[in-house]
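Letter by letter, the chains look like this.
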Amino acid sequence: MTKQRVRIGIIGGGLMGRELAVVCGRWLQLVDHPVIPEIVAVADPNPAARAWFEQISSVETLTDDWRVLVDDPTIDVLYIAVPHNVHEEIYVAAAQAGKDFLAEKPFGIDLDAAHNIMAALNDSSSFVRVSSEMPFFPGALRSYALANSGALGELVDVRSGFAHSSDLDRSKPINWKRIAEYCGRIGVMGDLGLHVAHVPLRLGYQPRSVYSMLDNIVTSRIDAATSQPVACDTWDNALLAIKAADPQHPGRDFSMLWETRRIAPGNMNTWTFEAMGMDGGVRFSTRNPTSIQRFVKRDGEQVWEDIQPGNVSVWPTVAGGIFEFGFSDALLQMWAAYFAERAGELGDRFGTARPEEALLSHQVFQAALASHETSAAIDL
Ligand SMILES: NC(=O)c1ccc[n+]([C@@H]2O[C@H](COP(=O)([O-])OP(=O)(O)OC[C@H]3O[C@@H](n4cnc5c(N)ncnc54)[C@H](O)[C@@H]3O)[C@@H](O)[C@H]2O)c1
């Protein structure tokens, strides 16, 4: 099989930029993938961030100016992983240049930015997807497949959640993700919202109205440079009660919860999905990543079955199916899906989030802000 070499430029060499470098370093884990990705350039205004990439032999260009990468005709794909306040400018420029890219969520700092990015994409040939790796856990994919199969019957309740503990420590210094100017007024929904929206939206669960409860629990944090307290003015936790249309039962709505928490005592980084219908149900949590629970009605009994999905995500691996899976594997599989889809080789396998899904998630988050201000449910 001839593999296509893909030259990647990273814009934003922070946490997620480095994660892509790690993914490329273990790409041979994938069996017969059509693409070999290679990081050739990194743009970041922070010299320390750029310096980290000096250890990667394929990197030819290190620059403080992202435009160098957008304008470089030898770069095939950009990974744009920058603070939310700069998403719009760089995504629009990349779209106008016809560059393919994987955008980081939330796809613009707010709904207006997301609309502007989408307008640029509509006039562009760029192949663009939006980062969301948690659904690539095998248990998440199996849950998606079960929900998609129709076996659940009429939907009753769906819960999709991300319970993070990054901000449980009050002494943790402030960073851009906790300041509305850089993160966005949507706060935690910008950080974790697409992670909980991706699977429900891919299943066609169409949000119709939103009632929100938003909490800012830690309102001030220390600035590491000055040791002074500064306002931490973003929502820490957001609970969204959504009425959604059931795509398999037209005319029927069901209740869905999207829960995003940066302050989730008792959790580390737990992503969950649960869908319950009149005929069956499924639930999965990365807290117990090796199994999913399937609910069935059998012989007049309500039965929960435990299924072990193994190490089976979208792309087969050297490790094989009987082993176990973790966060780094989810990132590898998301990138495998992105490059396979770009190469036309993903087929009917699950793909990473589409721009339309990111835009729709922003419409829900905007409605959640309005709901908080009015204490009322907001129709979409
Ligand atoms: N998919 C995930 O699981 C996940 C996890 C964390 C963050 N993210 C997203 O990834 C993006 C980046 O987050 P991060 O955690 O890597 O942040 P980070 O702060 O670790 O890194 C961001 C980098 O962008 C650089 N930067 C800032 N302005 C720039 C510009 N104009 N041009 C080029 N580089 C610039 C910064 O210097 C920094 O090195 C955000 O959109 C965030 O929401 C996704």
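Here the structure is shown first, and the text comes after it.
No experiment lies behind these values; they were computed from the predicted model shown.

Novice: When you look at the nonpolar core in this model, what are you seeing that I'm missing?
Specialist: Generally speaking, nonpolar side chains in soluble globular proteins are found buried as a group. If you look at the biggest cluster of nonpolar residues, it comprises 104 residues, and the most contacted ones within it are I80 and A368. Considering each element in turn, this core owes the most residues, 10 residues, to helix 9 (residues 327–342). When near neighbours in sequence (up to four residues on either side) are disregarded, I80 contacts I11, G12, I90, Y91, A94, F101, A103 and E104.

Novice: Sorry if this is basic, but what is going on with the sheet that holds strand 4 (residues 77–80) here?
Specialist: Each strand in a sheet pairs with its neighbour through backbone hydrogen bonds, running either in the same direction (parallel) or in the opposite one (antiparallel). Sheet architecture is open: 6 strands sit in the order 3-2-1-4-5-6, paired in parallel fashion. A strand with exactly one partner marks an edge of an open sheet, and here the two such strands are strand 3 (61–63) and strand 6 (128–130). Each neighbouring strand pair of the sheet contributes to a mean axis angle of 25 degrees, computed without reference to strand direction. Alignment of strand 5 (residues 100–103) against strand 6, held across 3 bridges, turns out to be parallel. Within strand 6, the residue paired with L102 across the bridge is R129.

Novice: Mind showing me how you'd approach the site of the ligand here?
Specialist: Taken together, the neighbourhood of the ligand is formed by 22 residues, with G12, G14, L15, M16 and E104 sitting nearest. Taken together, the residues that form the shell around the ligand break down as 11 nonpolar, 6 polar and 5 charged.

Novice: Explain the sheet that holds strand 12 (residues 253–261) to me, please; I cannot follow it from the model alone.
Specialist: In spatial order, the strands read 16-15-14-13-7-12-11-8-17; together these 9 strands make up an open sheet with mixed pairing. The open sheet has two edge strands, strand 16 (301–307) and strand 17 (378–379), and neither has a second partner. Of the strand pairs in this sheet, strand 15 (residues 292–298) and strand 16 are connected by 7 bridges, and their pairing is antiparallel. Within strand 16, the position partnered with I292 by the bridge is I307. Packed on one face of the sheet, helix 6 (residues 138–148) meets strand 13 (269–277), strand 14 (280–285), strand 15 and strand 16 and runs near 160 degrees to strand 14. Across the sheet, helix 8 (residues 188–202) touches strand 7 (155–164), strand 11 (237–245), strand 12 and strand 13, and the angle it forms with strand 12 is around 145 degrees.

Definitions and cut-offs
Residues numbered from 1 in each chain as written. Predicted model: local features only at pLDDT ≥ 70, side-chain atom pairs only at ≥ 80, totals over all residues. Core = buried A, V, L, I, M, F, W, Y, C linked by C-beta atoms within 7 Å. Buried ≥ 20, exposed ≤ 12 C-beta atoms within 10 Å, placed from the backbone. Helix = DSSP H or I, 4+ residues; strand = E, 2+ residues; numbered from the N terminus. Contact = placed C-beta atoms within 7 Å. Pairing = 2+ DSSP bridges. Axes fitted to C-alpha atoms, helices over the stretch in contact; angles between N-to-C directions. Near = placed C-beta within 6 Å. Nonpolar A, V, L, I, M, F, W, Y, C, P; charged D, E, K, R; others polar.

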